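Descriptive analysis of the structure
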Amino acid sequence: MLLPAVPAPTEILTESNSFHRASNKHSLPGVNGVSTRFTLNPGAEPRELSSDRLHLALGRTYHHRSGYVDINVKMGLVFGLLWLFNIFLEGIHCQGVYAPPTVRIIHSGHACNVEEERYTERVYTIREGETLELACLVSGHPRPQIRWTKTAGSASDRFQDSSVFNETLRITRIQRLQGGRYYCKAENGLGSPAIKSIRVDVYYLDDPIVTVHQSIGEAKEQFYYERTVFLRCMANSNPPVRYSWRRGQEFLSQGSDKGVEIYEPFFTQGETKILKLKNLRPQDYANYSCIASVRNVCGITNKNVLFKLSNKTASPTIKLLVEDPIVVNPGQTVTLVCVTSGGDPTPTLTWVHSADELPKKSVLNGGTLTLPAISIEEAGVYSCVASNNVGNPAKKSTTIVVRGLKKGRFWITPDPYHNDDNIQIGREVKISCQVEATPPEELLFSWLKNGRPLRSSERMVITHTDPEVQPGTTNLDIIDLKFTDFGTYTCVAVLKNGGIPEISIDVNISSTTVPPELTVPRDKSPLVVQEGDTVELQCLVSGKPKPIILWSRADKEVPMPDGGLQTESYDGALRIVNVSREMTGTYRCATSQYNGFNVKPREALVELTVQYPPAVEPLFTEIRQGLGRAFTLNCRMLRAHPSKVLKYEWKLGTRLLTIGQLDQRDETDYHVRALNREGYGEYTCEVTNEAGAGACRFLVTGRAYAPEFYYDTYSALWQNRPRVYGFKLQWTQQNPLSVDRIVAYRLGIKQTGQSRWWEQEIPMEGAIAKGELITHNLTELIKPEAYLVRLTPITRFGEGDSTDRTIRYSAPVNPHLREFQCSFEDEAVCMFTQDKRDDFDWTRHSAATRDTKYTPNTGPSSDRVGSKQGFYMYIETSRPRLEGEKARLLTPTFNVAPKSPYGTVTSSPTYCFGFYYHMYGKHIGALNAYLRQKGQSGADSSVWTLVGNQGDRWKQAKVNIHPTASFQVGTTLWEEQWVINAELRWP
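Residues numbered from 1 in each chain as written. Predicted model: local features only at pLDDT ≥ 70, side-chain atom pairs only at ≥ 80, totals over all residues. Heavy atoms only, no water.

1. Remarks on the overall build of the protein chain
Condition: Strands here mean DSSP runs of E at least two residues long; helices mean DSSP runs of H or I at least four residues long; both are numbered from the N terminus. Each residue gets one of three labels from its accessible area relative to the maximum for its type: buried under 20%, exposed over 50%, partly exposed in between, using a 1.4 Å probe on protein chains only. We call two residues contacting when some pair of their heavy atoms lies within 4.5 Å.
Looking only at helices and strands, the protein chain features zero helices and 75 strands. Burial statistics for the protein chain: of 987 residues in total, 49% are counted as buried. Considering only contacts in the protein chain between residues 6 or more positions apart, those separated by 24 or more positions represent 71%.

2. Some details on the state of the cysteines
Quick reminder of the rule: Defined by distance alone, a disulfide is two cysteine sulfur atoms within 2.5 Å.
Using the criterion set out here, one finds six disulfides in the structure. Linked covalently through their sulfurs, Cys 433 and Cys 491 form a disulfide whose S-S length is 2.3 Å. Taking the torsion about the sulfur-sulfur bond, which here is approximately -80°, the covalent link between Cys 433 and Cys 491 counts as left-handed. With Cys 433 in strand β32 (residues 429–438) and Cys 491 in strand β37 (residues 487–495), this pair connects stretches of sequence that are 58 residues apart. Considered together, Cys 433 and Cys 491 belong to a single accessibility category, that of buried residues. With its sulfur 1.8 Å from that of its partner, Cys 539 forms a disulfide with Cys 589. Where Cys 539 bonds to Cys 589 through sulfur, the torsion about that S-S bond is close to -75°, and the disulfide is left-handed.

3. Digging into the pattern of salt bridges
Defined as follows: By convention in these notes, a salt bridge is any Lys or Arg side-chain nitrogen within 4 Å of a carboxyl oxygen on Asp or Glu.
Throughout the structure, instances matching the rule amount to 34 salt bridges. Between Arg 575 and Glu 536 there is a salt bridge, with the nearest N and O atoms lying 2.8 Å from each other. Of this pair, Arg 575 sits in strand β45 (residues 573–576) while Glu 536 sits in strand β41 (residues 535–538), placing them 39 residues apart in sequence. The salt bridge partner of Asp 801 is Arg 624, with a shortest N-O separation of 2.4 Å. Of the two residues, Asp 801 sits in the loop between β63 (798–799) and β64 (803–807) while Arg 624 sits in strand β49 (residues 620–624), which places them 177 residues apart along the sequence. Across the pair, exposure class does not vary: Asp 801 and Arg 624 are buried alike. Several salt bridges share partner residues, and in doing so they unite Arg 247, Glu 250, Asp 257, Arg 281 and Asp 284 into one network.

4. Digging into the sheet that holds strand β22 (residues 303–308)
What counts is decided by this rule: Pairing between strands is defined by DSSP: at least two bridges between them are needed. To obtain an axis, a line is fitted to C-alpha atoms, over the contacting stretch when the element is a helix, and the angle between two such axes runs from 0 to 180 degrees between their N-to-C directions.
Ordered in space as β18-β17-β21-β22, the four strands form an open sheet in which the pairing is antiparallel. The open sheet terminates on both sides in strands that have one partner only, identified here as β18 (250–252) and β22. Each strand of the sheet is rotated relative to its neighbour by a mean of 30°, with strand direction disregarded. By the bridge criterion, six bridges tie strand β17 (residues 242–247) to strand β21 (residues 287–293) in an arrangement that is antiparallel.

5. Some remarks on the sheet that holds strand β30 (residues 394–402)
Pairing is mixed across the open sheet formed by four strands, whose spatial order is β24-β30-β29-β26. Only two strands of the sheet have a single neighbouring strand rather than two, namely β24 (326–328) and β26 (348–353). Strand after strand, the sheet turns through a mean of 25° between neighbouring axes, direction not considered. When strand β29 (residues 380–387) meets β30, the two strands line up antiparallel, connected through seven bridges. Following the sheet pairing, Val 385 is matched in β30 by Lys 395.

6. Description of the packing of aromatic side chains
Centre distance and the angle of the planes are the two values used to describe a pair of aromatic rings. Stated precisely, the cut-off is as follows: Only Phe, Tyr and Trp rings are paired, with Trp represented by its six-membered ring, and only when their centres lie within 6.5 Å; those with planes under 30 degrees apart are stacked, over 60 edge-to-face, the remainder tilted. Ring-over charges, as used throughout, are those where CZ of Arg or NZ of Lys falls within 6 Å of the ring centre and within 35 degrees of the ring normal.
In the structure shown here, the tally under the stated rule is eight aromatic pairs. Where Tyr 670 meets Tyr 683, the ring centres are 6.2 Å apart and the plane angle is 40°; that geometry is what we call tilted. Of this pair, Tyr 670 sits in strand β53 (residues 667–672) while Tyr 683 sits in strand β54 (residues 681–689), placing them 13 residues apart in sequence. Using a relative accessible area of 3% as the deciding quantity, one classes Tyr 683 as buried. When the ring of Tyr 680 is compared with that of Phe 797, the centres are 4.9 Å apart and the planes differ by 70°; the resulting orientation is edge-to-face. One end of the pair, Tyr 680, is in the loop between β53 and β54; the other, Phe 797, is in the loop between β62 (787–795) and β63, and 117 residues separate them in sequence. Taken together, the aromatic side chains of Trp 650, Tyr 670, Tyr 683 and Phe 698 make up a single cluster linked through ring pairs. Taking the ring centre of Tyr 711 as reference, the NZ or CZ of Arg 805 above it sits at 4.2 Å.

7. A look at the side chain of Ser 580
Rule in force here: Here a polar contact means two N or O atoms within 3.5 Å. Within protein one must be a hydrogen donor candidate and the other an acceptor candidate, and residues neighboring in sequence count only if both atoms are side-chain atoms.
Summarising the element assignment, Ser 580 is placed in the loop between β45 and β46 (585–591). Reaching out from Ser 580, the side chain makes a polar contact with the side chain of Glu 582 at a distance of 3.0 Å. Excluding residues that lie within four positions of it along the chain, Ser 580 makes contacts with Glu 531 and Val 610.

8. Quick notes on the environment of Glu 568
Within the secondary structure, Glu 568 is located in strand β44 (residues 567–569). For the pair Glu 568 and Ser 592, spaced 24 residues apart in sequence, the C-alpha separation works out to 9.2 Å. With near-sequence residues (within four places) excluded, Glu 568 lies in contact with Arg 409, Ile 548, Ile 549 and Leu 550. Engagement of the side chain of Glu 568 in a polar contact is seen with the side chain of Arg 409, the distance being 3.3 Å.

9. Details of unusual backbone geometry
The linkage connecting Lys 544 with the following residue, Pro 545, adopts the cis geometry, with an omega of -5°. Mapping Pro 545 onto the fold places it in the loop between β42 (540–544) and β43 (549–553). Looking along the chain, the bond that leaves Lys 783 and enters Pro 784 is cis, with omega of -10°. Tracing the backbone shows Pro 784 in the loop between β61 (773–782) and β62. At Asn 595, a position not held by glycine, the phi torsion is positive, near 55°.

10. Things to note about the confidence of the model for the protein chain
Short version of the rule: Per-residue confidence from the prediction method is given by pLDDT, with values spanning 0 to 100.
Considering every residue of the protein chain, the mean pLDDT works out to 79; 74% of them sit at 70 or more. When the criterion is pLDDT under 50, residues 217–225 qualifies, and its contacts beyond four places in sequence or with other chains add up to 27 contacts. Taken as a whole, residues 813–818 scores under 50 in pLDDT and shows eight contacts with residues more than four places along the chain or in a different chain.

11. Structural notes on the environment of Ala 437
Among the structural elements, Ala 437 can be located in strand β32. With a relative accessible area of 15%, Ala 437 lands in the buried category. Residues Ala 437 and Lys 407, 30 residues apart in the sequence, show an inter-C-alpha distance of 9.0 Å. Look past the residues within four positions of Ala 437 in its chain and what remains in contact with it is Gly 404, Leu 405, Leu 443 and Leu 495.

12. Focus on the pairing of β46
For β46, a buried count of six out of seven residues is recorded, marking the element as mostly surrounded by other parts of the structure. As paired elements, β43 and β46 share five bridges and run antiparallel to each other. By the bridge assignment, Ser 552 is partnered in β46 with Arg 588. Relative to strand β48 (residues 603–617), β46 runs antiparallel, the two sharing six bridges. In the sheet register, Thr 586 faces β48, and the bridge partner there is Glu 607.

13. Brief notes about the side chain of Ser 383
Of note, Ser 383 is situated in strand β29. Setting aside residues up to four positions removed in sequence, Ser 383 forms contacts with Thr 350, Trp 351, Val 352, Lys 395, Lys 396 and Ser 397.

14. A short note on the environment of Arg 227
With respect to the helices and strands, the residue Arg 227 is situated in the loop between β14 (209–214) and β15 (229–234). Here Arg 227 falls in the partly exposed class, since its relative accessible area comes to 24%. For Arg 227 and Asn 279, which are 52 residues apart along the polypeptide, the C-alpha to C-alpha distance reads 4.8 Å.

Structure below.
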């Protein structure tokens, strides 16, 4: 059974009864201030927060100061007492106001709906193209850092490629791929990070598409009689789309026409609705409309598409008015023409390329594709595709071949029948020449000797079809080499019909033509260099002609500096710029068969050693210390090469402190026994080897850490006079004991947008404790201006780190009402909080989202104004709840009257406590309202009670209360379901 009730809770702080310090300052023109300090202690009284009227109702919220109301529900025979204040001290007994983060996500922007899905997740629904705005409300001290992240979206959606470090996450014109789960994470170094999430569901509806198919093949020209036709309607949407069909003005439904059948294929999961026309009849030739609807969710209107079915309806056919293949030279303009030869409705034509995208400079005009100044890279298959949503699309393709020659190479092969790599008179020698050609069938070779044409003969055998070599290769075999055969042989490659520059390759055959040899100069291996240098690994190549040298790693299979597994060199040298430590190792140089002898490769090895200076930690550390204290600086060596003979020296500024050598150790310490003023400054520890030095740097300073503004001050803003307002500025001091005592704070304040600062000093007496809350009241702030406040601690060392905060004025909703109202419409639920010491929590809900399967015939069917969209708070008292369990909502404590500036009570009025309640169910017990006053522990007095089922309707109750001290109002109910909306006001 459900127990709906009042607003959700807010965190309440307590302060000690005695203030350590108070001082009045009036040095700022237009800005006055009063400073106090207090520490949050166990057992302290709740802080008094004044109000003239408390109103717990569905409506606007007026936070006029603050109060404390306990909504306490207990199942059983006894009432739950209102012991409240201790819950706020859990986990912070020794930490002052320091508290781990809490986080809550609220929404604004253009949400269609926000639902609570059975206590497991929150779903934020938004229309595609609208603005998503999620705010992460945090509490905790120090101020938590906020980070937004996203999961459960498309892999292509990188959430702006980063996390968002703002309290508000805003996405304008949100797209469907940006739906998913968004997480807000808050952390401030205390306890575990606080994480909340919300699932964003993006709603959309695309235009529907109708496609037409036949049951027995596809007609070549038109749809004949006695054929079954399928009209398939499909639209992308979220939520799932609902389809309806209309023929002319007639809506079609299953069974309305024997010749019509409407169904959804099971494999489409509701994405498709098919209209089946069985054995086409004359009346079936008509205009068909498919209407796609998502039932107007998020204001998304229905979309429809019209298809005209006639006896001329046919799938598309096309013709290409070009050859296949099309062979062109680079730089020519190519025009591809595609025309439709059939199809009704008229097909649309488009061109696609085998490389997925058409060239950027291409021009598409209907079925005509123009490729100006075509290049070799733009060659490939181009396809024309015609579609009219009838049958299958028609597709025809042609291939564009761009003519060209590239990569001319040669090699010399000695007589294979002799175990000798040299060329000798009387033996055979073969010269091979290779060229890449497009198209390969147009490639033509010719040979020259000393510039004269050479024809194939018995001793000079020219072949172009050697099966042992790849296409594009020609061979010249010289049988029984003679002295007269010495000379320069030239291989010439051209394409048939010209238009492309030829490639010619010269090969010299003489008595000096010898196979290659590789050697490494003595001083080039092993090679020792410094990291970051430019190094040249050298292999000397002898022989004629000199082949290409291939460099690779010999010790492991890793890429070379240029990224490939091998690097070509024409002079035998491998140059590496900005060499790194990872490049230390063994390198292999080897001859290739290209542009040289086709013999067993020659190899040589080069050892490379890269030295680098020591890597140390920490690179930089700031150390804050007070005078007279001892501390130790530590510098640790992580890695170095060479790692032996490491020296270190400590300096303060330029003054040498100590030197030494790291033998078996990898770290060195420097001790300061008692810090004096001359000991402040930058300490440097340099660790050196042959390659250089690494340095640890320490800045020792007496600067105080920055203050930590306290953002959870309740009712920090108050009204003074019609034209001015005041602000309660609160802060703690970060690590106050790490440096000398803070003697004062410099407070700077200026209006935002202005350049002039006003400053004053706030003196501090005695040491500030960790977690001690310091308060300074700013007055005479001009409405509605915002102010930038800067706070700087001061010690005898000087000024410390500053902290800035912006103070903004926010006018009350109705400044003329002296009342406090509460509402459930806002997710913040008027600053109520859940009691952390109860057994279960209240849940914010509305009749529109109420699930009655657990508690039928109970609970309200709407809020008190009759809206099913209005929210209320409820609890579930049926299973798994047990007798005696409690759920409690908390509000602030209320003072009986406003206080004067001197803390005296000026009046003690009567309050009217009014509320709306809903008590409906079989086992309704008693609903009670209690009054508890400060200083009267255990004396909670009942001010109102009601017993039994009051029917399925909202009712109002009012009662006058007469507190004489700060008070709380609590309500308690036995069993069943109820809702209460209450108000407190002047009678």
